[in-house]
Structures are given as structure tokens and as C-alpha cells.
Amino acid sequence: MAILNADLHCHSVVSDGTLTPEALAARAKANGVELWALTDHDEIGGQHRAAAAAAAEGMHYLTGTEVSVTFAGETVHIVGLGFDPDDPAMRAGLEATRGGRGARAQEMAAQLAQVGIKGAYEGALRYVGNPELISRTHFARFLVEIGACRDTPEVFRKYLTEGKPGYVPHRWASLKDAVHWITDAGGMAVIAHPARYKFTPNEEYALFSEFKAHGGRAVEVVTGSHTAAEAVRYAATAKEFGLAASRGSDFHSPDESHTDLGRLPWLPGDLTPVWELLADRIR
Ligand code: AMP
Ligand code: MN
Ligand code: MN
Ligand code: MN
């Protein structure tokens, strides 16, 4: 069961990806994905399209999202899988989480203007597929377009991150709310790409134990954001905390993502894959 080409983390134009849900489904199928989930940031507006596209491609599907959370002063991402996409409390929670993005983007643009980069808000907007979801990724595409940086990794080294121009601290959802929205809607909460956070060992321990106490049940072990060594490390963490394991590319764009849909290592065979616990949610 661990040997299944599941890709349970990627983004469409409904958040900060560049492909439609239909194009992602076709690409996932072409790459051999057997079980797919679209996990747009703070959004589930693409879920019905993604499920229909997966069915048309003959691929199994789990509903998905990636919720932005603030924990110990850092942004943490919590993936939700297998929830009811029409659950009203979850829809309202995600809408509130998206709410501050417009004002944040205006502030980001004001900061960039101070270092001589004009028109960044309008420039970023040209890359936005969903007016409620303007993200740093859209600013990154604009900064590459005008030649301020060569590619998006360079953008995140020189701009938009703590201490750099265009960084605006933001308070996202609480860990408790995010886990409850997902689980109360019948889904499973998953800690996304744990190696990406800059936590001390104590803070990381607090994240995993509080996540579990709120009802969280899984962690991404194999992701496009992890090295092989990080996957080994978080496989051990999954066992230590009694969490199931997930696998996902975090694919955003053919031009930007180094890990393509479905093209990543298998989950270690001694872990419980999330799809085993979500069998009755798979469509
Ligand atoms: P936001 O939700 O607006 O803070 O934007 C976060 C998004 O920016 C992430 O989901 C990634 O798509 C992108 N991002 C953040 N850091 C990096 C990075 N170092 N390299 C490339 N993309 C990044
Ligand atoms: Mn993203
Ligand atoms: Mn993420
Ligand atoms: Mn993601």
C-alpha cells in the first residue's frame, strides 16, 4: 500500500500555480499519478473542477487544501485531505484566512517602491488567477519579469522574506482552528514540508505535540521540499509521534518547480500512508 504513486500536494491558478486544475490532472496522469489531490493555498474553489478532471482522467482523487497558519511567530502550512469541500465552517475559515492578503500585498508593493521597484502591486496582479489570492509567488513572477532577479529562488533570497524589501509580517490562522476546520469537515490534517520551518528543536516538538493534541494525524515525509536525509528524519518523527505519512510534489509550475507531479521517491514502507486511513474518502 505504501507503493502507490500518490501526489497529495500541488497548486493551480486558483492559488499560486500556473496551470488550471484540468491541466494539472492531465499532467499528473501523464506522469503516472494514481491518487491525486489539488491543495491550493487557503482555497477550495478548485475542488469540484479537480475532482471532475481526475475522474475524466481515470485517477483517484482526495479533496485538498493548504492552510496558512501562524505558530511560534513562523508561518506553518497545514495540508487538509479528504474533507467535505462544501462544509460551511471550513469555507468561512478559509475565507477569513484569505482576507488579509489584499492589504498585505499593497504594503509589500509600498516597500518595494521604496527600493525603486514601482508598480509591483499592478504587476503582481497580472499573474493572479483568483482575486482573493494574491501571494508572494505572484510578486516573485513580476520581479523576474522586470529583470530584478533571474528566477523565483533568487527573489526569495533578495526580497519578500524576513529582513528583505517587500516582507510584510502577517498573522494567519491559528494551528487549532486550521486543524479543527479540516477534521470537523471530515478530513485529515497534515503538517506540510516540516523541514522548511526555522524552528528550534523545542519549538518543533511543540508544533508536533500541539498539532496532535488538536487532532492532527499526519506529516509530509516525502515532498518536493525535502532532501533524502530530511525524508529519513521526518519518517522517524512520524513514528515518534504516531502520525501517518503523506507524499506530495508541491508542484506550482512547469517553469518553476524542480519536482514534477508524481516524480518523487516512494514513502518508506514501514510508515502508515495517509491514503490507508482515508480509504473511504477517496473518489
Ligand atoms: P504567501 O502565502 O503569500 O506568503 O506565499 C508563499 C508562497 O511563496 C509559497 O507557497 C511558495 O509558493 C512561495 N515561496 C516561499 N518561499 C519560497 C522560496 N524560498 N522559493 C520559492 N518559492 C517560495
Ligand atoms: Mn505556493
Ligand atoms: Mn507550503
Ligand atoms: Mn504548497
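K.L.:
Just to check I follow, could you spell out the packing of aromatic side chains for this structure?
P.N.:
Each aromatic ring pair is summarised here by two numbers: the centre-to-centre distance and the angle between the ring planes. Per the stated rule, a full pass over the model turns up six aromatic pairs. Measuring from centroid to centroid gives 5.4 Å for Trp 36 and Tyr 61, while their planes differ by 65°, and the two rings are edge-to-face. Highlighted residues: Trp 36 in strand S2 (residues 35-36) and Tyr 61 in strand S3 (residues 60-61), separated in sequence by 25 residues. Accessibility classification places Trp 36 together with Tyr 61 in one group, the buried group. With a centroid separation of 5.3 Å and an interplanar angle of 35°, the aromatic rings of Phe 208 and Phe 241 are classed as tilted. Of the two residues, Phe 208 is situated in helix H9 (residues 201-213) and Phe 241 in helix H10 (residues 228-241); the sequence distance between them amounts to 33 residues. Under the relative-accessibility criterion, Phe 208 is labelled buried at 1%. Ring-pair connections join several aromatic residues into one group, and the members of that group are Tyr 205, Phe 208, Tyr 234 and Phe 241.

K.L.:
Hey, could you run me through the pairing of strand S5 (residues 74-81) in this one?
P.N.:
Side-chain direction in a regular strand flips from residue to residue, so the side chains alternate between the two faces of the sheet. Counting buried positions over the eight residues of S5 gives six, a clear majority of the element. Two strands pair when backbone bridges link them, and strand S4 (residues 64-71) and S5 are joined in this way by eight bridges, in the antiparallel orientation. Bridging across to S5, Glu 66 finds its partner in Val 79. Here S4 folds back onto S5, and the loop between the two strands holds two residues, one of which, Ala 72, carries a positive phi near 50°.

K.L.:
Could you clarify how one ought to interpret the coordination of the manganese ion (ligand 2) in this entry?
P.N.:
Six octahedrally arranged donors around a metal ideally form angles of 90 or 180 degrees; four tetrahedrally arranged donors ideally form angles of 109.5 degrees. Looking at the manganese ion (ligand 2), one finds its protein donor set to be Asp 16 (OD), His 41 (NE2) and His 252 (NE2), positioned 2.1 to 2.2 Å from the metal centre. Sequence spacing of the donor residues for the manganese ion (ligand 2), all on one chain, is D-x24-H-x210-H. Separating the manganese ion (ligand 2) from the manganese ion (ligand 3) is a gap of 5.7 Å. With a gap of 25 residues between them, Asp 16 in the loop between strand S1 (6-7) and helix H1 (21-30) and His 41 in the loop between S2 and helix H2 (47-57) connect regions that are remote in the sequence. By relative accessible area, which is 3% here, Asp 16 ends up buried.

K.L.:
Sorry if this is basic, but what is going on with the coordination of the manganese ion (ligand 3) here?
P.N.:
For the manganese ion (ligand 3), every protein donor is listed as Glu 66 (OE), His 77 (ND1) and His 193 (NE2), and the spread of their distances is 2.1 to 2.2 Å. Read N to C, the donor residues that coordinate the manganese ion (ligand 3) are spaced as E-x10-H-x115-H.

K.L.:
I keep staring at the site of ligand 1 and nothing clicks. Help me out?
P.N.:
Near ligand 1, the surroundings consist of Asp 16, His 41, Arg 101, Arg 104, Ser 135, Arg 136, Thr 137, Phe 156 and His 252. His 41 is positioned such that a nitrogen or oxygen atom in its side chain is 2.8 Å from an oxygen atom of ligand 1. Thr 137 places a polar side-chain atom, nitrogen or oxygen, 3.2 Å from an oxygen atom of ligand 1. When ligand 1 is considered free in solution it has 500 Å² of accessible area, and contact with the protein chains removes 76% of it. At the level of secondary structure, the elements contributing two or more residues to the shell around ligand 1 comprise helix H4 (101-114) and helix H6 (136-145). Across the shell around ligand 1, the residue classes break down as one nonpolar, four polar and four charged. Residue contributions to the shell around ligand 1 reach at least three from each of two domains, namely domain 1 (6-97 + 173-281) and domain 2 (101-158).

K.L.:
Is there a simple way to think about the side chain of Ser 253 in this case?
P.N.:
As for its placement among the helices and strands, Ser 253 is situated in the loop between strand S8 (244-248) and helix H11 (274-277). The buried category is assigned to Ser 253, whose relative accessible area is 0%. A distance of 3.1 Å separates the side chain of Ser 253 from the backbone nitrogen of Asp 255, its partner in a polar contact. Those residues in contact with Ser 253 that lie beyond four places of it in its chain are Thr 18 and Arg 141.

K.L.:
In this structure, what is going on with the pattern of salt bridges? I would like to understand it.
P.N.:
Between side chains of opposite charge, a pair can form when the charged atoms approach closely. One pass over the structure, following the stated rule, counts twelve salt bridges. A salt bridge links Arg 101 to Asp 42; the nearest nitrogen and oxygen atoms lie 3.0 Å apart. Note that Arg 101 is positioned in helix H4 and Asp 42 in the loop between S2 and H2, a separation of 59 residues in sequence. By relative accessible area, Arg 101 is classed as buried at 4%. Note on Asp 42: relative accessible area 0%, which makes it buried. The salt bridge involving Arg 98 is made with Glu 43; its shortest N-O contact spans 3.5 Å. Of this pair, Arg 98 sits in helix H3 (residues 88-98) while Glu 43 sits in the loop between S2 and H2, and the two are 55 residues apart along the sequence. Considered together, Arg 98 and Glu 43 belong to a single accessibility category, that of buried residues. Through salt bridges with shared partners, one network takes in Glu 43, Arg 98 and Glu 132.

Reading the values: rules and limits
- Residues numbered from 1 in each chain as written.
- Chains lettered and ligands numbered in written order.
- Predicted model: local features only at pLDDT ≥ 70, side-chain atom pairs only at ≥ 80, totals over all residues.
- Heavy atoms only, no water.
- Phe/Tyr/Trp six-rings, centres within 6.5 Å; stacked < 30°, edge-to-face > 60°.
- Helix = DSSP H or I, 4+ residues; strand = E, 2+ residues; numbered from the N terminus.
- Buried < 20%, exposed > 50% of the residue type's maximum accessible area, 1.4 Å probe, protein only.
- Pairing = 2+ DSSP bridges.
- Donors = N, O, S within 2.8 Å, 3.2 Å for Na, K, Ca; no water.
- Near = heavy atom within 4 Å.
- Polar contact = N/O pair within 3.5 Å; in protein donor to acceptor, adjacent residues only side chain to side chain.
- Areas by Shrake-Rupley, 256 points an atom, 1.4 Å probe, with all protein chains shown as cover.
- Nonpolar A, V, L, I, M, F, W, Y, C, P; charged D, E, K, R; others polar.
- Domains from an automatic or database assignment.
- Contact = heavy atoms within 4.5 Å.
- Salt bridge = Lys/Arg side-chain N within 4 Å of Asp/Glu carboxyl O.

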